[in-house]
Amino acid sequence: MAEVVKVEEHPQYKGVYIVELEDGSTRLATKNLAPGHRVYGEWLFRVGGVEYREWNAYRSKLAAALLKGIKELVIKEGCKVLYLGAGSGTTPSHVSDLVGEKGMVYAVEFAPRVMRELINVAETRKNLIPILADARFPNRYAHIVDLVDTIYADVAQPEQASLVNMNAKYFLKDGGYLYLAIKARSIDVTKEPDEVYRKEINTLNEGGFEIIDVVHLDPFDRDHAMVLAKYHRRG
Ligand SMILES: C[S@@+](CC[C@H](N)C(=O)[O-])C[C@H]1O[C@@H](n2cnc3c(N)ncnc32)[C@H](O)[C@@H]1O
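Residues numbered from 1 in each chain as written. Predicted model: local features only at pLDDT ≥ 70, side-chain atom pairs only at ≥ 80, totals over all residues. Heavy atoms only, no water.

Caption draft 1: Seen up close, helix H4 (residues 160-171). Here H4 contains twelve residues, and its C-alpha end-to-end distance of 16 Å stays within 8% of the 16 Å for a straight helix at 1.5 Å per residue. The inward-facing, buried residues of H4 abut strand E6 (80-84), strand E9 (148-153), strand E10 (172-183), helix H5 (195-206), strand E11 (209-216) and strand E12 (224-231). (Helix = DSSP H or I, 4+ residues; strand = E, 2+ residues; numbered from the N terminus. Expected span 1.5 Å × (residues − 1). Contact = heavy atoms within 4.5 Å.)

Caption draft 2: Spatial organisation of the packing of H4 against H5. In the contact formed by H4 and H5, the axes pass within 8 Å of each other and the chain directions differ by 15°. As the angle between them shows, H4 and H5 are arranged roughly parallel. Once H4 is placed against H5, the crossing between them reads as right-handed. Along the contact surface, H4 presents Gln160, Ala161, Ser162, Val164 and Asn165, while H5 presents Glu200, Thr203 and Leu204. Each residue belonging to the contact of H4 with H5 can be placed in one class, and the counts come to three nonpolar, four polar and one charged. (Axes fitted to C-alpha atoms, helices over the stretch in contact; angles between N-to-C directions. Parallel < 35°, antiparallel > 145°, perpendicular 65-115°, else oblique. Left-handed = near helix turned anticlockwise from the far one by under 90°. Nonpolar A, V, L, I, M, F, W, Y, C, P; charged D, E, K, R; others polar.)

Caption draft 3: Layout of the sheet that holds strand E7 (residues 104-109). Ordered in space as E8-E7-E6-E9-E10-E12-E11, the seven strands form an open sheet in which the pairing is mixed. At either margin of the open sheet sits one strand with a lone partner, and together these are strand E8 (128-132) and E11. On average, each strand axis in the sheet is inclined to that of its neighbour by 15°, with strand direction left out of account. Bridging between E10 and E12 involves seven bridges; their strand directions are antiparallel. Looking at the pairing, Leu178 lines up with Ala229 of E12. Packed onto the sheet, helix H2 (residues 90-99) meets E6, E7, E8 and E9 and runs at close to 175° relative to E6. Of the strands in this sheet, E6, E9, E10, E11 and E12 are in contact with H4, which crosses E10 at around 160°. (Pairing = 2+ DSSP bridges.)

Caption draft 4: Fine view of the pairing of strand E2 (residues 17-21). Burial along E2 is one-sided: Tyr17, Val19 and Leu21 are buried, and none of Ile18 and Glu20, which face the opposite way, are. Here strand E1 (residues 4-9) runs beside E2; their pairing, made up of five bridges, is antiparallel. Each bridged residue has a counterpart across the sheet, and for Glu8 the counterpart in E2 is Ile18. The turn linking E2 back onto strand E3 (residues 26-31) is made up of four residues, and Gly24 within it adopts a positive phi angle of 90°. (Buried < 20%, exposed > 50% of the residue type's maximum accessible area, 1.4 Å probe, protein only.)

What follows is the structure, given as structure tokens:
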């Protein structure tokens, strides 16, 4: 493993660290809530008695969004997050690091095979609650999930926006936030958005979301953009 030269907290994103290595390269990292444990083969860096976990932007769309300069990291210490499409836990593990012991990550995933890996991740992380369920039916996990500060959605399905709206109605507090990984070509967010992309954004607006920022994740992920939106609860 390469020697660490310096670790600094990110000037804009609290809880995110910039690790400088002796070869001059830098890595994003979070403080490891489960020291000694890796989730997806990422590097662990121990500096001054603290363990940091490399946050690989080619594997995690949220890390890519930070490197692409998204306006805010709204996931902070103590936050409750509803995570839709948790997969095997790559990004959810970093969200778990960010919210810390006082926070909570409700991780919804419907594929049993990846759920098994997610359960392994949750074993060393008390703030990560794996939920085997289809995110199109929030009523089925309403008895487990509290009101949350943020929804993070990455279910890789068409009509994601309406699925998000349904979940927001059940679980997202007024003034809460959404990160949505949306399928988009690089030009969609800068020039003329295609029909599908525009429809998804309109659906979010109809559901009470105000778009705060959109960044394309190119070159870390060539097929997606990250949307940051704020929720205005009606009625
Ligand atoms: C792109 S992967 C998620 C990767 C993960 N967000 C990360 O960054 O580490 C999308 C996941 O969403 C899950 N998924 C798709 N549709 C779903 C649904 N309706 N309900 C729950 N999970 C769903 C898939 O099984 C898959 O594991």
